[in-house]
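Coordinates in review
Okay, here's what each chain looks like letter by letter:
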Amino acid sequence: MANVERVTAGDLQLMQGLAQRVTATRLELVNSEATFGELAWNWGKGHASEGASWRRRLWFSGEDLVAWGWAQLPRQVRRSDGSVKDITGAYLTYQVHPDHAGLVDEVINWYDGTAADIERRVVPSAADEFALRRWTAHGYVTDPASLGDTGFWTQLNERDLADVAQPVLPDGFRFRTADEAGPEAAVQAHLDAWAPSTYTAEGYQGVRRATGYRGDLHILVEAPDGTMAASTIMWFDEANRSVEFEPVGTHPDYRRRGLARAMLLHGMQMARAAGATHATVACLGAPGHVQARELYYGVGFRQLSRDAPLIRTAG
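Residues numbered from 1 in each chain as written. Predicted model: local features only at pLDDT ≥ 70, side-chain atom pairs only at ≥ 80, totals over all residues. Heavy atoms only, no water.

A look at the environment of P167
- With respect to the helices and strands, P167 occurs in the loop between β9 (154-160) and β10 (174-177).
- On a C-alpha basis, the gap between P167 and W194 in space is 24 Å, while along the polypeptide they are 27 residues apart.
- With near-sequence residues (within four places) excluded, P167 lies in contact with F175, A262, L265, H266 and Q269. (Helix = DSSP H or I, 4+ residues; strand = E, 2+ residues; numbered from the N terminus. Contact = heavy atoms within 4.5 Å.)

Listed below in structure tokens is the structure:
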């Protein structure tokens, strides 16, 4: 059984549920942006402003969701600096349960039909050899933007939470939570770290609605002058006792002071106190993108998997 609609909050919960089931058995097969936390973050921040350009299809076996596709079609997005960006191609996030791997052909056919005659991108897991063969058979090739030392691809990193070092902040800085600091501070912390950004107060309201969000696990670092100098959200997958850091950012005026390292360690300690035993975080993986990778390696994360960006040109 399959159906096609825009992406709703109910759909998000079903998609996250499939992410949890794949995570429990084959975490390396969870596709880029199809993790429990990435789904929540991307849906939450964008559904109000960009949802009209989203399409999805769900495949069921009985009552169980076993595959889904989420296509983001051409659109305009407004950013915090007032600029408008035209997105002219299509991008697919998808997941297929390993026990129903053959459905990847149906996902591909649906995507090609939905985004026909425009450039199409997708990022399956590099560990999913069967899916990669099927995408290749349908005319998809390695995305040139992913090649070279500065290629644009991501890796997923993991660590257990058995032994977490104590965080150390510079004098005058302190940890806060979004519950304590409030929505305005939480939004501004993200905008400062990621400018120019499409994030808005309305987007944050969507994030707060997404399954897995907890304001007490949304951490900020407050500078002595009151600026929220760094922030991260931890998405708590209770079924797998795992937290996912997404996003992680630091205000440009406060970088290289150890704030992000301290924030990650503090977050892992909070996650462990909440019942988590495992943590993940994604970052750019190409050799030239060293900063975030070294940050995460420095607090005990190691690469688990990576994505394999593919593209099919228009027509």
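Having seen it, we continue.
Here's the deal with the domain arrangement of the protein
- According to the domain assignment, the protein consists of domain 1 (9-148 + 308-312) and domain 2 (159-306).
- Each of domain 1 and domain 2 has a C-alpha centre, and the two are 24 Å apart.
- At the junction of the two partners, domain 1 supplies 31 residues and domain 2 supplies 31 residues.
- Each partner contributes to the roughly 2300 Å² buried at the junction of domain 1 and domain 2, and carbon and sulfur atoms together form 61% of this total.
- By the criterion of area lost to domain 2, the three top residues of domain 1 are F36, W41 and S80, representing 26% of everything that side buries.
- Where domain 1 packs against domain 2, one counts 0 salt bridges.
- Connecting domain 1 to domain 2 are 9 residue pairs in polar contact (both at pLDDT 80 or more).
- Listing elements by their share of the side of domain 1 that touches domain 2, those giving two or more residues are α1 (9-26), α2 (36-50) and β4 (75-78).
- Tallying contributions element by element places α2 first for the side of domain 1 that touches domain 2, with 11 residues.
- Across the side of domain 1 that touches domain 2, the residue classes tally to 13 nonpolar, 11 polar and 7 charged. (Domains from an automatic or database assignment. Buried area = accessible area lost by both parts, 1.4 Å probe. Salt bridge = Lys/Arg side-chain N within 4 Å of Asp/Glu carboxyl O. Polar contact = N/O pair within 3.5 Å; in protein donor to acceptor, adjacent residues only side chain to side chain. Nonpolar A, V, L, I, M, F, W, Y, C, P; charged D, E, K, R; others polar.)

Let's talk about the sheet that holds strand β15 (residues 302-306)
- The strand order across the open sheet built from 7 strands is β10-β11-β12-β13-β14-β9-β15, with neighbouring strands paired in mixed fashion. Each having just a single partner strand, β10 and β15 make up the two edges of the open sheet. Between one strand axis and the next, the sheet turns by 30° as a mean value, whatever way the strands run.
- Against the sheet, α2 makes contact with β12 (228-237) and β13 (242-250), and its axis sits at roughly 120° relative to β12, the strand it touches most. (Pairing = 2+ DSSP bridges. Axes fitted to C-alpha atoms, helices over the stretch in contact; angles between N-to-C directions.)

Details of the side chain of Q95
- If you trace the backbone, Q95 turns up in strand β6 (residues 90-96).
- Among the polar contacts listed, one links the side chain of Q95 to the backbone nitrogen of N31, at a separation of 2.8 Å.
- Those residues within four positions of Q95 in sequence are excluded, and the remaining contacts are L18, V22, L29, V30, N31, A34, V66, A67 and W68.

So, the side chain of T177
- Mapped onto the secondary structure, T177 falls in strand β10.
- For T177, a relative accessible area of 11% puts it in the buried group.
- Apart from the residues lying within four places of it in its own chain, the contact partners of T177 are G215, D216, H218, L220 and M270. (Buried < 20%, exposed > 50% of the residue type's maximum accessible area, 1.4 Å probe, protein only.)

Structural notes on unusual backbone geometry
- Residue A195 is joined to P196 through a cis peptide bond whose omega torsion reads -10°.
- With respect to the helices and strands, the residue P196 is situated in the loop between α6 (183-194) and α7 (201-209).
- Look at the link from E246 to P247: it is a cis peptide, with omega at -5°.
- As for its placement among the helices and strands, P247 is situated in strand β13.
- A positive phi is found at R256, a non-glycine position, where the angle reads about 65°.

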